[in-house]
Amino acid sequence: MTEQYVTINGREIGPGRPPYIIAEISGNHNGDINRAFKLLEAAAEAGADAVKLQTYTPDTMTIDAPQADFQVRGGPWDGHSLHALYEWAHTPWEWHDALFSRAAELGITIFSTPFDETALEYLEARNVPAYKIASFEMTDLPLVRRIAAKGKPLIISTGMASLQEIEETLAVARDAGASEIVILHCVSSYPAPASQANLRTIPDLAQRFNVAVGLSDHTLGIGVAVASVALGAVVVEKHVTLRRADGGPDAAFSLEPEELTALVDECSDAYAALGSADYNLLSSEKQSHAFRRSVYVVENVAAGEVFTKQNIRRIRPGLGLPPRCYDDVLGKRASSDLLRGTALSWDMVEGGEH
């Protein structure tokens, strides 16, 4: 198995495999564990392959400080301090066991993003099947090293990262023992404009780094995500919520359950539609093939009569001589009496095929 293939809970991910759909809950539980359960259920019902959590506390992310450095300006979280934002958005650690148990009952894979070493050890004790490294943490090489050393599949988002930073992160992860890695092309804007999605980055990353490549998508809707599959994305991650109108840290750029179902279906169709380069008649085309044009007798023709533009034409259906034979038939004579509506064949032409 090359580095372009990863297996999570028995599901192989990589080129030539159906896209792996991850429903990111993030903070859309809005502080209610029952809402988190409903999000798990919605993801499973929609057909997503996995649900992802984020494991941190406000104090593992930042400090509560009044300086301007710690205040958010602009975007969906304008006016919050970093500490207050993460207090609002975090998933309480005491929920994890219950959420993991419910996911197992639903038959959907669940894993998380550890944002520091304490979160990593907490998750490791719960035997999660994979780890996600967030765009904002992918340059935290000491953390990447610790996560990679666990030897589990890694999914690494690359939002804001330069080629050099991606190269450094992959080198550290590989040196620490990670052998199964997916990198996700990502635009770390919330929401991200579709015009800046730059999906052609996906095949470029796959070629440059010989890894499986997917998309962590923060654009509105599902169009960009579906298009990414056509460009080789093997993983698609989208934030989900029950209803955007309910609000929440990520609600504005999250999918509702019906949209998640559409994402799963449309990504599956996009993958199936890729097929292969093929110029043979397809089974689905066989019925239509009969309605191509061919050469037909359009006036009664007596034996020995010359074929002309008046008594033969190229018309539908396609049961007679192919149109390329039309000029060769003109000027030849009929070998027998022919009725109007006869599909012309070479045995009806004196001298046969030219």
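Scroll up a little and you will see the structure.
What counts and what doesn't
- Here the residue numbers are simple positions, counted from 1 along each chain's written sequence.
- The predicted nature of this model means local features are confined to residues of pLDDT at least 70 and side-chain atom pairs, given and counted, to a pLDDT of 80 or more, with totals for whole chains, interfaces and linings taken over all residues.
- In computing side-chain properties, one takes all heavy atoms of the structure into account and sets aside hydrogens as well as water.
- What makes a nonpolar core is a set of buried Ala, Val, Leu, Ile, Met, Phe, Trp, Tyr and Cys residues whose side-chain atoms join them at distances within 4.5 Å.
- Burial classes: relative accessible area under 20% of the type maximum marks a residue as buried, over 50% as exposed, and values in between as partly exposed (1.4 Å probe, protein chains only).
- Under the DSSP-based scheme used, a helix requires at least four consecutive residues in state H or I and a strand at least two consecutive residues in state E, with every element numbered from the N terminus.
- The contact definition used throughout considers only heavy atoms, calling two residues in contact when any of these lie within 4.5 Å.
- Inter-axis angles, ranging from 0 to 180 degrees, are taken between N-to-C directions of lines fitted to C-alpha atoms, where helices are fitted over the stretch in contact.
- In this scheme, roughly parallel covers angles under 35 degrees and roughly antiparallel covers those over 145, while 65 to 115 is roughly perpendicular and the rest are oblique.
- For any helix crossing, the convention is left-handed if the near helix is rotated counterclockwise from the far helix by under a right angle, and right-handed if that rotation is clockwise.
- Residue classes follow a fixed rule: Ala, Val, Leu, Ile, Met, Phe, Trp, Tyr, Cys and Pro count as nonpolar, while Asp, Glu, Lys and Arg count as charged, and any other residue, Gly among them, counts as polar.
- Aromatic contacts are taken between Phe, Tyr and Trp rings whose centres are within 6.5 Å, Trp giving its six-membered ring; a plane angle under 30 degrees counts as stacked, one over 60 as edge-to-face, and the others as tilted.
- Throughout, the protein atoms alone are placed on a 1 Å grid, and a set of points is a cavity if a 1.4 Å probe fits but cannot get out or a pocket if it is open with protein on both sides within 12 Å along at least five of seven lines; lining residues have an atom within 4 Å of a point.
- Grid points are joined across faces, edges and corners, and a volume is the space filled by probe spheres set on the points.

Participant: Any chance you could explain the nonpolar core here in plain terms?
Facilitator: Side chains of a nonpolar character, in soluble globular proteins, are inclined to be buried together. Among the nonpolar cores identified, the biggest contains 74 residues, and Leu154, Ile183 and Leu263 are the most heavily contacted of them. With 6 residues, helix 1 (residues 33–46) is the largest single contributor of residues to this core. In this view, Leu154 contacts Tyr131, Ile133, Ile147, Ala148, Ala173, Ala178, Glu180, Ile181 and Val182; residues no more than four positions away in its chain are not counted. Counting 15 residues, the second largest nonpolar core, distinct from the first, contains Val329, Leu338, Trp346 and Val349.

Participant: Can you walk me through the packing of helix 1 against helix 4 (residues 96–106) in this structure?
Facilitator: Packed helix pairs are characterised by how far apart their axes lie and by the angle those axes make with each other. Orientation of helix 1 relative to helix 4, taken along the N-to-C sense of each, is 25°, at an axis distance of 10 Å. Classified by the interaxial angle, the pair formed by helix 1 and helix 4 is roughly parallel. Two packed elements cross with a definite hand, and for helix 1 against helix 4 that hand is right-handed. Contact with helix 1, carried on its side by Ile33, Ala36, Phe37, Leu40, Glu41 and Ala44, involves Ala98, Leu99, Arg102, Ala103 and Leu106 of helix 4 and no other residues of that element. Of the residues assigned to the contact of helix 1 with helix 4, the class counts are 9 nonpolar, no polar and 2 charged.

Participant: Teacher, can you tell me more about the packing of aromatic side chains here?
Facilitator: The geometry of an aromatic ring pair comes down to the distance between the two centres and the angle between the two planes. Under the defined criterion, the tally for this structure stands at 4 aromatic pairs. Both rings, one in Tyr56 and one in Phe115, keep their centres 5.2 Å apart while their planes meet at 80°; by these two values the pair is edge-to-face. On the criterion of sequence distance, the pair formed by Tyr56 in the loop between strand 4 (50–55) and helix 2 (58–61) and Phe115 in the loop between strand 5 (109–114) and helix 5 (117–124) is long-range, its members being 59 residues apart. Taking 5.4 Å as the distance between ring centres and 50° as the angle between the ring planes, the aromatic pair formed by Tyr190 and Phe253 counts as tilted. Placement of Tyr190 in the loop between strand 8 (181–186) and helix 8 (201–209) and of Phe253 in the loop between strand 10 (235–239) and helix 10 (257–274) is noted, with a sequence separation of 63 residues between them. The two residues Tyr190 and Phe253 agree in class, both being buried. Among the aromatic residues, those joined into a cluster by ring pairs are Tyr56, Tyr86 and Phe115.

Participant: Hey, could you run me through empty space enclosed by the protein in this one?
Facilitator: Gaps between atoms show up when a probe of the same size as a water molecule is rolled over them. Summed over the entire model, instances satisfying the criterion amount to 2 cavities of 30 Å³ or more. Approximately 50 Å³ is the volume attributed to the largest cavity. Lining the largest cavity, in full, are His185, Cys186, Val187, Ala192, Ala197, Leu215, Ser216, Asp217, His218, Thr219 and Val224. Elements with a minimum of two residues in the lining of the largest cavity: strand 8 and strand 9 (212–217). Of the residues forming the lining of the largest cavity, the biggest block, 3 residues, is contributed by strand 9. Its residues placed into classes, the lining of the largest cavity shows 6 nonpolar, 4 polar and 1 charged. Volume-wise, the second largest cavity comes out at about 40 Å³. Taken together, Leu39, Ala42, Ala43, Val240, Thr241, Pro257 and Leu260 form the lining of the second largest cavity. Elements represented by at least two residues in the lining of the second largest cavity include exactly helix 1 and helix 10. If one sorts the elements of the lining of the second largest cavity by residue count, helix 1 sits on top with 3 residues. By residue class, the composition of the lining of the second largest cavity is 6 nonpolar, 1 polar and no charged.

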